[in-house]
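# Chain and residue survey
Spelled out, the chains give:
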Amino acid sequence: MVNVIWIGLILIAILYSFFTGNIEGINSGILSHASSGVNLLLEMMPLIILWTGIMKIAEASGLLATFAKILNPLLSKLFPSLPKNHKALGYIASNIGANMLGLGSAATPFGLKAMDELQKDNPKKKEATEAMITFLVLNTGGVTLIPTTVIALRLMHGSANPTEIIITSILATSVSSISGLVLDYIIRRRNRK
Amino acid sequence: MNLISKIIIPLFVLLIIINGVRKKINVYDAFLEGAKEGLIMVFHIAPTVIAMVFAVNIFLDSQFIEGILGFLKPFFDFIHVSIDILPMALLRPISGTASLAIMNDIFVNFGPDSFIGRLASTLQGCTDTTIYVLALYFGSIKVVKTKYALPVGLFADLMGILAAFIITFIFFG
């Protein structure tokens, strides 16, 4: 599926540039945007290394299992295919927590680590499991409680009430996440029959 | 509010270290072991990140989104929403930085307290960059068959965008 998107984005970009005569732009874009990816990677690298290091301490000392236990009532409903003490659950709990608080930079390493743990007992390594898809839907829905970046930008542009959009954001996020999870649930149940 | 968001990370790190000391594990060794895993993780996600950022950026450069907006303009004039919000809604699942930049433009042009400014704020907060997250998470563990993950993720985005429009109308309309 990612394959199709990737091909689609590139084909559209090149063909549409030919169509509009923007050949100069697409030429320099192709040559320069490989470095944009490397730059993003270099920005992410220190945070990933830092957080996987810190979280390893939490994992070794049993703290991660405690997080998972606190969120267990929720997690066991969302991930019925995972046993209660699955290692991924602690990282999933931390990822959800970080997302809710708007700590996106910490959420990504937790999420990657959770996927890593889920992959360890995946019988078909090239195929996504049910738990992986549910986790992804939960993540892309974006369960942000406090959209810190948006509030900071509103403040910068002189909003009279920068935080007034918290409530509308939470409501819209909830609609997004819940509809994603419901569709995911329906598909899982249908596949089982 | 500001203080709370700034103190969360230091407190969290403190809690983890203190708990590690109390449980008598070798905290430093554990960090090194985790950091090594992190380094390998960066190595694994590198091709995905470079591939996706490349494709998304040349797509943005081609101005294709701006091109198709011409077709949708009459409909948006009809429901009295400025067309400026549309690129943001369309780009939100593909690129977080692009939609953030558009939100910033909207704040500059219309102000953060205008209807479209509030709508943009809600939109930015309500979903994440689905396509990027999907490519990153599955790419990092080399899963190729993503099954129904993308349709479900995009469905959630669509519902979020629709909800953002409706809720902003109800609250500030």
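Please refer to the structure higher up on the page.
Overview of the structure. (Residues numbered from 1 in each chain as written. Chains lettered and ligands numbered in written order. Predicted model: local features only at pLDDT ≥ 70, side-chain atom pairs only at ≥ 80, totals over all residues. Heavy atoms only, no water.)

### Considering the overall build of chain A
When helices and strands are counted, chain A shows nine helices and zero strands. If you list the helices and strands of chain A from N to C, you get α-α-α-α-α-α-α-α-α. Taking the principal axes of its C-alpha atoms as reference, chain A extends roughly 60 × 50 × 35 Å. Here the contacts in chain A between residues at least 6 apart in sequence split such that 59% fall between residues at least 24 apart. Side-chain charges in chain A split into 16 positive and 10 negative, and the spacing between the mean points of these groups amounts to 11 Å. (Helix = DSSP H or I, 4+ residues; strand = E, 2+ residues; numbered from the N terminus. Contact = heavy atoms within 4.5 Å. Lys, Arg positive; Asp, Glu negative; His and termini not counted. Charge placed at Lys NZ, Arg CZ, Asp CG, Glu CD.)

### Quick look at the layout of surface pockets
One number sums up the size of the largest pocket: a volume of about 1300 Å³. Of all the secondary-structure elements, those providing two or more residues to the lining of the largest pocket are α2 (23-60), α5 (87-100), α6 (104-120) and α8 (148-156) of chain A together with α2 (27-61), α5 (96-110), α6 (115-126) and α7 (130-140) of chain B. Sorting elements by how many residues they give to the lining of the largest pocket places α2(A) first, with six residues. The residue inventory of the lining of the largest pocket, partitioned by class, reads 19 nonpolar, 20 polar and three charged. Within this model, the second largest pocket holds a volume of roughly 530 Å³. B:I65, B:A89, B:L90, B:P93 and B:I94 are the residues nearest the centre of the second largest pocket, which is lined by 23 residues in total. Breaking the lining of the second largest pocket down by element, the ones donating at least two residues are α1 (2-20) of chain A together with α3 (64-78), α4 (85-91) and α8 (149-172) of chain B. Looking at the lining of the second largest pocket, its residues break down into 21 nonpolar, one polar and one charged. (1 Å grid on protein atoms, 1.4 Å probe; cavity = no way out; pocket = protein on both sides within 12 Å on 5 of 7 lines; lining within 4 Å. Points joined across faces, edges and corners; volume = space filled by probe spheres on them. Nonpolar A, V, L, I, M, F, W, Y, C, P; charged D, E, K, R; others polar.)

### Some details on the nonpolar core
Counting 106 residues, the largest nonpolar core has A:F79, A:I92, B:I85 and B:F138 as its most contacted members. Top contributing element to this core by residue count: α2(B), with 14 residues. Looking at this core, you find at least three residues from each of domain 1 (1-44) and domain 2 (63-172) of chain B. (Core = buried A, V, L, I, M, F, W, Y, C linked by side-chain atoms within 4.5 Å. Buried < 20%, exposed > 50% of the residue type's maximum accessible area, 1.4 Å probe, protein only. Domains from an automatic or database assignment.)

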